[in-house]
Amino acid sequence: MSERGMLSRLAESLFWIGRYIERADDTSRIVDSYVHRMVEDPFNDEAATCQSLFAILGIDATDLALTRTSTLDTIVYDVQKPNSIAGSLNGAYENARRSRDFISSEMWVALNTTRNELRPRERVARTLGPATYLAYVRERCALLAGLTDATLSHDDGWQFLVLGRNIERIDMTARLLRGRVAYMEASPDWMAFLRASGAMEAFMRSTHQLDNANGVATFLMLDRMFPRSVLFALNVIDEALMEIQSAGQRDNHGDSARQIVAHARSQLEFIDTETLLDQLPELLQILESACYRITDAVTHKYFRHEEAILWVSEGGL
Amino acid sequence: MTDELRLHIRHHTGFIYEGFAKSSYNEARMTPLSLPTQDVEQTKLTVRPAVPLFTYTDYFGTHVTAFDIGEVHGQLEVESSTTIRSRAAAIEGDLTWSDLATVGFIDRMNEYLLPTRRSTVPADVLADVAPWRNNGELHDVVDHVSAFVRSRVKYVPGATTVTSTAIEALERGQGVCQDITHITLGLLRSLGIPARYVSGYLYPKRDPQIGETIQGQSHAWVEYFAGAWTGIDPTNGVRHTARHILVGRGRDYGDVSPLKGIYHGPKSKGGGVVVEITRLA
Amino acid sequence: MVVHFESDVSGAWNEMFSAPGVARPMYQGLLGDLTSLDMVELGLRAEQLSRTFIDRGVTFAHSGEERPFPLDLVPRIIGALEWDHLSRGIAQRVRALEAFLADVYGAGRIFTDGLMPRSVVTSSPHFCRPAIGVVPPNGVRIAVAGIDLIRDEHGNFCVLEDNIRIPSGVSYVIENRRAMTQTFSSLFSNHRVLPVDSYPAKLLAALVAAAPAKAASPTVVVLSPGVHNAAYFEHVLLARMMGVELVEGRDLVCRANHVYMRTTSGERAVHVIYRRVDDDWLDPLQFRPNSVIGVAGLVNAARAGNVTISNGLGNGVADDKLVYTYVPDFIRYYLGETPMLDNITTYRLEEAEACAEVLAHPEDYVIKPVDGSGGKGIVIGPHASAEELAAIRVAVAASPRNWIAQRPVALSTHPTFVNDKVSPRHIDLRPFAVSDGNDVWVLPGGLTRVALGEGELIVNSSRGGGSKDTWVLSEELVTAPLLTGEVTQAPMDSAPPQQNDEFIGLDEEQQ
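Remember, predicted model here, so these are calculated numbers, not experimental data.

Q: Describe the sheet that holds strand β1 (residues 312-313) of chain A, and please don't skip the residues or the numbers.
A: If you walk across this open sheet you meet the five strands as β1(A)-β15(B)-β2(B)-β5(B)-β4(B), and the pairing is antiparallel. Edge positions in the sheet fall to β1 of chain A together with β4 (54-57) of chain B, since each has one partner strand and no second. Here strand β2 (residues 23-31) of chain B pairs with strand β5 (residues 63-69) of chain B via six bridges, running antiparallel. The partner of Asn 26 of chain B across the bridge, within β5 of chain B, is Phe 67 of chain B.

This is the structure in structure tokens:
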């Protein structure tokens, strides 16, 4: 990390680029698994499935029609919704515009062309189904992740991006699992989750067990080698925070974000894996709250820039 | 009437916010100038919260004290304290109407001949004084204009605000010294007489007693050019006297406002302005 | 189908052809290369070019939409000798404008010596009184200038206007070249074209040279109004290529007349601000208090000598179109030199005789507001309706100071690829000059803007204008020098001269 730090506004933009790209990626994986379920299972309760999907993604579904088409509109194509796939990619794009002098041109071009391509892809997807669209998004997110790691210097800016990416990843995994716990009937089965996370092969290789709910949850939460597991992401977050802190503000108050990470990690590490499933609701609560609090702490410590100030004239001049 | 007054002036401005201001940036134009009519013996400007002060002289020759407050603060106080000796100015200059009409003169005085937003006077009012152009001695015409303004706008404290314009005051028929000054500027300029806005203080009593501290006020009057810059106070219908203490000059109020500032925070409950003047000798 | 060049019938100077089918010497190589291609290939390359720009986001914001600035395939060529003359003329003009600004915000010699009325300045809305006493450390108020040139019917380059506030467009010069070398590399093999990519380094050097003396290793930033500004792409490009931070007003804070930027490891001092924010919005304490894109306290920080604002405060007073009429006088008065570049013949309507003539025959003149940008308010006499002429008469009579009148001039034309044809289109040229206090360096070439509509005179990007890569050849290719004034172009008397319309689009940035 450089002694001089980086522009706070820029750091915040990079953090959000990380979060938004990951959000687009994760959302497309989740939607994919649900769409499969709706298509494959003729007895599926469409409304209940849609409801659970909204709940996982944190979208208020009170006024929304719970049909497959309108759900896809809201969660996939609607660029106005910050949690939708198109909205997330647009959020990444807007933040990239603001940090365009920092990110690599290759990243910029990749993000810009992705955004330009979404409309035509959407038109195709509305006729042929969302699968190609979702696949395109995942492919582009993978490309963006690759370019992030390969074309950016691994300095503070990159660390902030990685930080955002992994906070989002934990957040999404936690939501996904909670959806499974809360809407058992209306959510895809465990294997579908694994497939959607691209974790099927890794899971099989590490456990050689199929259809073991506790095993899947344990894998997604605690695997030390799989980059989408919660523990893995927590370790990455801690490393990023340490790098950023090491030469940054040398305050003696410690790093509250790292304390939150340490706490969450200890909760995971000392869990009894045999009964993980029973403790899952409580753990997920802790993780979701940790994500929120880490973001808050990082924002407070590093993103302390002003919004544009509307000045008031003294004496009413 | 005494020839020379030795005065102490304390000018205090305070702003109290409804809550706290996060930061503020300000320029005070509250320091009297040293001039042929006034000698500044001592002057000091203090700001609370205490912050570094930066001074400079602006385009119009006014002393400016600039400062910023970067910490959260509930109120802002600026106080200027000056000891000064003051004399009445003579009426100077013997330019004629034809001198005022030369191309070179108009060019040189350009910015004191153009109307400003605050000093723009409606055409029908301009028409009332238009016949005085090229008619009579310049200084006399200025006195006529001054009397004319008083006949149209009654001095009523609090009738208008600092943002009011000449037009608004004329419509109300009421105003404060700032409005009366703006109207006078607009009229004199329309006659081709260069005129500028003066801000300062007025010792209110015609017969000041030594040692007595009385409430004075921020005041505004006019200087016009008829060969030399000469003061006239249209609000009081007098020429510049020893009781007039000059702080700054400009095209209108906007160039000389005593405290110009912006802050980031809630509404200000308005400030108290206190001017106390004590005759020392 | 081979590439066919349409002949020019407009009566304007054609940059490529001296007569139908006869290319000027410096264009002969290019013409050979282009005519060897077929139209299909040309079309494909044009498509590839525009794709490159869209992918790279080389755009300007117009009505809330990001649009690419179309790059034409056919480059414009300026010969070495002619460029030598032009660049020296531009540098001369910038030096004179710099001297004028120092005088305006200083002693005012030019007024007391009677060369120019003081009121021209004191009545200008861009005369910036708070700038009095803000002294640039190395004397440079014009770090960057964009001087708009047009070539008239006789082949003479004339100055149309000076942009010394926030001239924009240089990013397109750099991007155009990059795109052309990528998609059309073959064209460059037969020509020695002067490179344009040294611009950011030159600009950075000039900004560093302008830093306050007490800043040992100065921090330079680019201050942008933000992503919604029409020229945001350019701000990004320059910051990136100079390797400095791109900041917005809210990233900066003034404390006790020092300027800092907010970083993840606290506040860091800033010494030079290459600002792309207009005076009016730059400091809410001094100018518009409702500005949310400025930095409160900035002007006094500059006054205290702790930060340099570049370009300088109040430069607009020198690109007022009435002041423009005096620039040749500035060159003689301040530099003791003869102007190398002429103005377009311009009449000051403050002067009674000129005013009377224009009021009598407005249909013979192009009448412009002195403070206009973006082509706003311009009346082109020969094209104007009776109502427009009547209205302009009233407006001019009411405030002659606010207007100038110019002789109508036909902009030169250049073969341009439009709708699968190569046809002549009107162009102008905006070269960019960078001054570091010792030397005024002129970027070889500049931005050639082209009006894509047939007969269209407005090369404005927001009105569908495009641009061309502009080549300055490093050596003269032929023995016969093409010097201004020595041109023996056959008179084109087939059509009446057309007018120099405003071409902006990329002129001063407006917030």
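Don't stop here, the text continues.
Q: Got a sec to walk through the interface of chain A and chain C? Specific residues and values, please.
A: Counting from both sides, the interface comprises 36 residues of chain A and, opposite them, 33 residues of chain C. Summed over both sides, the interface of chain A with chain C buries roughly 3000 Å², with 48% coming from carbon and sulfur. Between chain A and chain C we count two salt bridges in total. For Asp 251 of chain C, the salt bridge identified is with Arg 9 of chain A, shortest N-O distance 2.5 Å. Applying the counting criterion to the chain A and chain C interface returns twelve residue pairs in polar contact (both at pLDDT 80 or more). When contributions to the side of chain A that touches chain C are tallied by element, the ones reaching two or more residues are α1 (8-40), α4 (85-98), α5 (105-128) and α7 (156-182) of chain A. Per-element accounting of the side of chain A that touches chain C gives the leading share, six residues, to α5 of chain A. Across the side of chain A that touches chain C, the residue classes break down as 14 nonpolar, eleven polar and eleven charged.

Q: Please give an account of the packing of aromatic side chains that cites residues and values.
A: For any pair of aromatic rings, the description rests on two quantities: the centre-to-centre distance and the angle between the ring planes. Residues and elements named next belong to chain A. On inspection of all chains with the given rule, the structure shows 28 aromatic pairs over all chains. Relative to Tyr 20, the ring of Trp 16 lies with its centre 5.6 Å away and its plane at 45 degrees, an arrangement referred to as tilted. Here the residue Trp 16 and the residue Tyr 20 both occupy positions in helix α1, the gap between them amounting to four residues, near one helical turn. In this structure, Arg 115 is placed above the aromatic ring of Tyr 93, and the distance from its NZ or CZ to the ring centre is 3.9 Å. The aromatic ring of Tyr 136 is capped on one face by Arg 121, whose charged end is 4.0 Å from the ring centroid.

Q: Give a description of unusual backbone geometry that names residues and reports values.
A: A cis amide bond links Arg 48 of chain B with the next residue in sequence, Pro 49 of chain B, at an omega value of 0 degrees. Within the element layout of this structure, Pro 49 of chain B appears in the loop between β3 (38-48) and β4. In the segment running from Ser 310 of chain C into Asn 311 of chain C, the intervening peptide bond is cis, with an omega of -5 degrees. Tracing the chain through its elements places Asn 311 of chain C in the loop between β14 (308-310) and α12 (321-324). Non-glycine residue Asn 257 of chain C carries a positive phi angle of around 65 degrees. Mapped onto the secondary structure, Asn 257 of chain C falls in the loop between β10 (252-255) and β11 (258-263). Looking at Asn 257 of chain C, the relative accessible area reads 10%, which means it is buried. Phi is positive for Asn 419 of chain C, which is not a glycine, with a value near 50 degrees.

Q: For helix α14 (residues 352-360) of chain C, give the residues involved together with the corresponding values.
A: All names here are of chain C. Within the sequence span of α14, burial applies to Ala 354, Cys 355 and Val 358. In a view along the axis of α14, the buried residues occupy a sector of 100 degrees, so they form one face of it. In α14, those exposed residues whose orientation departs by more than 90 degrees from the buried face are Ala 352 and Glu 353. Where the residues of α14 are buried, they touch β16 (346-348), β17 (366-369), α15 (386-398) and β19 (403-406).

Q: So what about the pattern of salt bridges? Which residues, and what values?
A: Where charged atoms from two side chains of opposite charge come close, those side chains can pair. Scanning all chains against the criterion turns up 68 salt bridges over all chains. Close ionic contact of Glu 288 of chain A with Arg 178 of chain A constitutes a salt bridge, the shortest N to O distance being 3.3 Å. Of this pair, Glu 288 of chain A sits in helix α13 (residues 276-302) while Arg 178 of chain A sits in helix α7; the two residues are 110 residues apart in sequence, bridging distant segments of the chain. On the basis of relative accessibility, which here comes to 31%, the residue Arg 178 of chain A falls in the partly exposed class. A salt bridge links Arg 255 of chain C to Glu 267 of chain C, with the nearest nitrogen and oxygen atoms 2.6 Å apart. Remark: Glu 267 of chain C occurs in strand β12 (residues 266-270) and Arg 255 of chain C occurs in strand β10; sequence separation between them is twelve residues. Using a relative accessible area of 30% as the deciding quantity, one classes Arg 255 of chain C as partly exposed. Relative accessible area serves as the criterion here: at 39%, Glu 267 of chain C is assigned to the partly exposed category.

Q: Quick one: what's the story with the environment of Leu 86 of chain C, residue by residue and with numbers?
A: All names here are of chain C. Take Leu 86: it is sitting in helix α3 (residues 80-104). Spatially, the C-alpha atom of Leu 86 lies 13 Å from that of Val 440, the residues being 354 residues apart in sequence. Not counting residues within four places of it along the chain, the set of residues in contact with Leu 86 comprises Ile 78, Leu 149, Phe 157, Leu 341 and Leu 429.

What counts as what
- Residues numbered from 1 in each chain as written.
- Chains lettered and ligands numbered in written order.
- Predicted model: local features only at pLDDT ≥ 70, side-chain atom pairs only at ≥ 80, totals over all residues.
- Heavy atoms only, no water.
- Pairing = 2+ DSSP bridges.
- Helix = DSSP H or I, 4+ residues; strand = E, 2+ residues; numbered from the N terminus.
- Contact = heavy atoms within 4.5 Å.
- Buried area = accessible area lost by both parts, 1.4 Å probe.
- Salt bridge = Lys/Arg side-chain N within 4 Å of Asp/Glu carboxyl O.
- Polar contact = N/O pair within 3.5 Å; in protein donor to acceptor, adjacent residues only side chain to side chain.
- Nonpolar A, V, L, I, M, F, W, Y, C, P; charged D, E, K, R; others polar.
- Phe/Tyr/Trp six-rings, centres within 6.5 Å; stacked < 30°, edge-to-face > 60°.
- Lys NZ or Arg CZ within 6 Å of the ring centre and 35° of its normal.
- Buried < 20%, exposed > 50% of the residue type's maximum accessible area, 1.4 Å probe, protein only.
- Arc of directions from axis to C-beta.

The quantities given are spatial measurements derived from coordinates; they are silent on function.
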